[in-house]
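Residues per chain, in single letters:
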Amino acid sequence: MSHRILLAALLTPLLIGSGARADTPAGAPDTIAARVQGCATCHGDSGQGTQDPSFPRIAGKPAGYLFNQLQNFRDGRRSYPPMNYLLQYLHDDYFTDMAAFFASQRIPFGPPEPASVSANQLADGEQLAHRGDAAHGIPPCVACHGAQLSGINPGIPGLIGLHSRYISGQIEAWRAGTRHAKAPDCMSDISHRLSDAQITAVAAWLASQPAPQTSTPAAQGSWKTPLACGSQP
Amino acid sequence: MIRKPTALLVLLGSALGAIFGHAAHTQQAQNNAFLGRHQSLEETTKRGEYLAYASDCVACHTKHDGAAFAGGLPLVTPFGTLYSPNITPDVQSGIGNWSADDFYRMLHTGRSRDGKLLYPAMPFPAYTKITRADSDALFAYLSSLEPLAIPNRENELRFPYNNRSLLIGWRALYFREGEFKPDPRHDAQWNRGAYLVEGPGHCATCHTAINALGGSSDEKAFAGGLIPMQNWYAPSLTLNKEAGLGDWPQQDIVDLLKAGASMRGAVYGPMAEVVHNSLQYLTDADVRAMAVYLKTLPERAGSGSAQTPRGATQVSASVLARGSALYKNQCSSCHRMDGQGAPPAYPPLAQNQSIEMQSSVNAIRMVLNGGYPPQTAGNPRPYGMPPFAQALSDEDIAAVVTYIRVSWGNTGQPVSPSEVNVLRPAALFD
Amino acid sequence: MRRIGLWSTLAVLGIAFVGGFVSFIWLPRAQLDTYPSFFAAFCAALGVPQPRQASLVSAPSPRSDVVLTHDLLQAPQASDVGTGATLALRCTPCHGPTGISYANSPNLAGQYAVAVYKQLRDYKTGVRTNPVMNPMAAALSDIEMRQIAAYYASFPKPARAQLTALPPPIVRWGAPMRNIAPCGSCHGGVDHTLASPWLNGEPAAYLAAQLVSFQSGRRTNDINGQMRAMVHNMTPAEISAAAAYYSGTNLP
């Protein structure tokens, strides 16, 4: 009996603590997670993305890649007014913390996007992703983005879990010259070598892929990429 | 015993020393007259740098991804677009050929070195109050910058505004030349605050209603106004119902201006830029002085004149219900069901003047666009509010903003979906 | 009598010589843009039949289903611009925050609402193809397309970069012998035909790419094949000149 009372006495503070939500007199949690709620309505509260194809999944992406994108939006190398506005007066040290937070999120992937292209096109996309197009100087996606397309630290993102419209939009933005990465901008080069049909095919194939076995980005320097990229030392 | 030749030499030496010393002293005195108060050039330059922060020159004289002070920022006005000039000491494109006199005349009278009248996009009606010594310090600082040979871009003003002689009339109506005169009825701290707010800080330039001619009346100074083209409302600093600071604790004002976040709320929109680029660099004493001055601004009816308090009973029940449900799902996790928030991280919404004021522009824009307060030394890891424009319809946003404006004893008025709709295209970038 | 005969003979010969010079030398030289060589122009002047031009449309091509009438999009709702603004956020990564792309994507600021609406409809049905515009448009309803069109139409129209440049001949006069109308007859600044887009300020690379696309028959959503007919006989130099003339932007 006395053990139970003791146990109850010990556990009660925990119970009260876990039951308390926004209406306790405590201040805001002093965590990065609380601070980046500014990202939640578009990217999901842990960066897992939403149904809206305009906004990518950022959970589990390499911290260096996320840092670069935060900088790109603040400095205008990528254009999207809500992002440009939110990040305008924030500095690199905070970006490092934000990037580290989202990079460390391990959130399960949602179901893959149903393919809206023909089987032939999907096959073309798979061909491009795994074997590239040597005739046009296009390396396979896996050569830089990883065998499981989970990315490499610090700067190359994974490509699974993104909507096809987001992928084709970003490749097109590179091709049109409205998205920029650090020089040498390898994605810009590649985007100019891709045909319209190839962009459609590879975006559809990537979006239709199920969650990889391991979604952790590979360690920096674990293999050499075929193109020199300013974002990947 | 001093020998005669030695004595003569000593006399000669001291005479010469006196002559040269006097000459040098005169030259130094002339330099000091230029530099002000017998300071070294280095000290003056440092003081000028501080004043450049206080005047926020960099905000207009820097293009978005351009070099600081090299100009080129487009200033979109209802009269056309102006491009800020290069104010680095480059001889071709900048102020390399200017003298301290030229610079003072420009600040004080609104005339450029070549005599042409400046458009009041350059807030010379406020900068006219800057003292000669401060102007010289600013000039010394700008002259110490690296000269950048970046050419200036021609203004694109529509006819007839591209004719500078129209400014003669504008100046007659809206410009009163004159350095700041300390008010002997107030102490040094108040006067310092008044100088900073009315002169370098040029706060009235935004916080006063602007008429169709781009001018503003002295009676309405600080009484609030919608910033044209940017579509933010710069609240009245005189009315306690708006951003009037009469009942704010001084520390909250200092926190708001210097750190960007206080127990009463955080800065957003154009004020985030002001804190980030200007006010966060001022000393505590100066910001405190500004707070002292701002608290004494007399209440004035401006464009945001006193509203009739309207309680929750005058809002449709369905709107309130919709707003309440949305608030619970989307807002309460940070701002709490009782609207108290968790300041300084999550601003309170209850009795928050930004929410209650007659203009609904800022409240609606916060919901549409969200925002992060600026990162400052006093707020190094700001808490952010997410944007809801892409997630909520006009009716939803109107409902939740109405709910917030009338709940917890707030005396704001309801907002309509069309008020939300017209703010969706508002510019988000600089 | 003999003297009058001499002068009249000389006069006839003179007229014949002048007529021959004009018909067989001067005019053929002026039409070297229409004929492959001076010899071909000379022979054509003599009356030798010239090979006919190849048929413009060799195979059936997908056709737009957009029916353009003058009251289309004439009555936008008051809320269209605002709603369109939020919808158009997804367009900004390529088309810029204010509808000016500062790169090779077409500028949409100030574009006629009907032109934007027609292109979105054609992207949705696949009559016009682009890897990102097809899925973008597929996700939009008809009302959303109208709202986006109204939003972009609410901006001021961009100007050309070189405001004082004289139009090149192909823009100014077209080439009547080759069935090319001057561009301004449809794309003019003062008035324009329905759904002909505003061209001033568009990126040169984009304009040139579209002209080439029409010429090769890859782009087929032009009304009644008019653009394909126009560009069919344009030379590459003329395409570059027209694109360069209309291009650039005066906006920051």
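In the block above lies the structure referred to throughout.
Residues numbered from 1 in each chain as written. Chains lettered and ligands numbered in written order. Predicted model: local features only at pLDDT ≥ 70, side-chain atom pairs only at ≥ 80, totals over all residues.

Some thoughts on the overall build of chain A
Thinking step 1. Within chain A, the secondary structure is distributed over eleven helices and zero strands.
Thinking step 2. Reading chain A from its N end, one meets helices and strands in the order α-α-α-α-α-α-α-α-α-α-α.
Thinking step 3. Across the 233 residues in chain A, those meeting the buried criterion constitute 46%.
Thinking step 4. Intrachain contacts of chain A at a sequence separation of at least 6 include 71% that bridge at least 24 residues. (Helix = DSSP H or I, 4+ residues; strand = E, 2+ residues; numbered from the N terminus. Buried ≥ 20, exposed ≤ 12 C-beta atoms within 10 Å, placed from the backbone. Contact = placed C-beta atoms within 7 Å.)

Regarding helix α9 (residues 164-176) of chain A
Residues and elements named next belong to chain A.
Thinking step 1. In a regular helix each residue adds 1.5 Å, so 13 residues correspond to 18 Å; α9 covers 18 Å between its end C-alpha atoms and thus fits that length.
Thinking step 2. Of all the 13 residues making up α9, 13 are buried; the element is thus mostly covered by neighbouring parts of the structure.
Thinking step 3. Taken from the residues just after α9, Gly-177 is the one with a positive phi, measuring 90°. (Expected span 1.5 Å × (residues − 1).)

Considerations on helix α12 (residues 236-246) of chain C
All names here are of chain C.
Thinking step 1. Among the residues of α12, those classed as buried are Glu-238, Ile-239, Ala-242, Ala-243, Tyr-245 and Tyr-246. Burial along α12 is one-sided: seen end-on, the buried residues are contained in an arc of 160°. Along α12, exposed side chains directed more than 90 degrees from the buried face belong to Pro-236 and Ala-237.
Thinking step 2. Lining the buried residues of α12 we find α8 (169-172) and α10 (204-215). (Arc of directions from axis to C-beta.)

Side note on the interface of chain A and chain B
Thinking step 1. Every contact between the two is made by 24 residues of chain A and, on the other side, 29 residues of chain B.
Thinking step 2. Of all the elements in the fold, those that place two or more residues in the side of chain A that touches chain B are α2 (32-35), α3 (40-43) and α5 (81-87) of chain A.
Thinking step 3. In terms of residues, the side of chain A that touches chain B owes the most to one element, α5(A), which gives five residues.

Brief notes about the environment of C:Ala205
Thinking step 1. The topology assignment puts C:Ala205 in helix α10.
Thinking step 2. Sequence spacing of C:Ala205 and C:Gly174 is 31 residues, and the spatial spacing of their C-alpha atoms is 21 Å.

Describing the interface of chain C and chain A
Thinking step 1. At the junction of the two partners, chain C supplies 17 residues and chain A supplies 18 residues.
Thinking step 2. Elements with a contribution of two residues or more to the side of chain C that touches chain A: α4 (92-95) and α6 (133-138) of chain C.
Thinking step 3. If you tally residues by element for the side of chain C that touches chain A, the top one is α4(C), at three residues.
Thinking step 4. Partitioning the side of chain C that touches chain A into residue classes produces nine nonpolar, seven polar and one charged. (Nonpolar A, V, L, I, M, F, W, Y, C, P; charged D, E, K, R; others polar.)

So, the packing of helix α5 (residues 113-125) of chain C against helix α7 (residues 142-153) of chain C
Angle between the axes and distance between the axes: these two values describe a pair of packed helices.
Residues and elements named next belong to chain C.
Thinking step 1. Two numbers describe how α5 lies on α7: the axes approach to 8 Å, and their chain directions differ by 145°. Considering the relative orientation of α5 and α7, their crossing is right-handed. Residues Ala-113, Val-116, Tyr-117, Leu-120 and Arg-121 of α5 form the contact with α7, whose own contacting residues are Met-145, Arg-146, Ile-148, Ala-149, Ala-150, Tyr-152 and Ala-153.
Thinking step 2. Residues belonging to the contact of α5 with α7 are distributed by class as follows: ten nonpolar, no polar and two charged. (Axes fitted to C-alpha atoms, helices over the stretch in contact; angles between N-to-C directions. Left-handed = near helix turned anticlockwise from the far one by under 90°.)

Thoughts on the packing of helix α3 (residues 80-87) of chain C against α7(C)
Residue and element names in this part refer to chain C.
Thinking step 1. Viewed as axis vectors pointing N to C, α3 and α7 meet at an angle of 100°, and their least axial separation amounts to 7 Å. As far as their axial angle goes, α7 and α3 are roughly perpendicular. The segment α3 lies against α7, with Asp-80, Val-81, Thr-83, Gly-84, Ala-85 and Leu-87 engaging Glu-144, Arg-146, Gln-147, Ile-148, Ala-150 and Tyr-151.
Thinking step 2. For the contact of α3 with α7, a count of residues per class yields six nonpolar, three polar and three charged. (Parallel < 35°, antiparallel > 145°, perpendicular 65-115°, else oblique.)

A few points about the environment of A:Tyr89
Thinking step 1. Relative to the elements of secondary structure, A:Tyr89 occurs in the loop between α5 and α6 (92-103).
Thinking step 2. Separated by 15 residues in sequence, A:Tyr89 and A:Arg74 have C-alpha atoms that sit 7.9 Å apart.
Thinking step 3. With near-sequence residues (within four places) excluded, A:Tyr89 lies in contact with B:Ala272, B:His276, B:Tyr372, B:Pro374 and B:Gln375.

Considering unusual backbone geometry
Thinking step 1. The omega torsion of the bond from A:Ala183 to A:Pro184 falls at -10°, within 30 degrees of zero and hence cis.
Thinking step 2. By the element assignment, A:Pro184 lies in the loop between α9 and α10 (186-193).
Thinking step 3. With omega at 5°, the peptide bond leading from B:Pro343 into B:Pro344 counts as cis.
Thinking step 4. Mapped onto the elements, B:Pro344 comes out in the loop between α13 (317-335) and α14 (353-356).
Thinking step 5. At B:Asn231, a position not held by glycine, the phi torsion is positive, near 60°.
Thinking step 6. Overall, the presence of 17 C-beta atoms within 10 Å leaves B:Asn231 in the partly exposed class.
Thinking step 7. The backbone of C:Asn224 shows a phi angle near 55°, a positive value even though the residue is not glycine.
Thinking step 8. Of the residues examined, C:Asn224 has 8 C-beta atoms within 10 Å and is grouped as exposed.

What about the sheet that holds strand β3 (residues 156-157) of chain B?
Residues and elements named next belong to chain B.
Thinking step 1. Read across the open sheet, the three strands follow the order β1-β2-β3; overall the sheet is antiparallel. Bordering the open sheet on either side are β1 (74-77) and β3, each of which pairs with just one other strand.
Thinking step 2. Across two bridges, strand β2 (residues 80-83) lies against β3 in antiparallel orientation. Directly across from Thr-81, in β3, lies its bridge partner Glu-156. (Pairing = 2+ DSSP bridges.)

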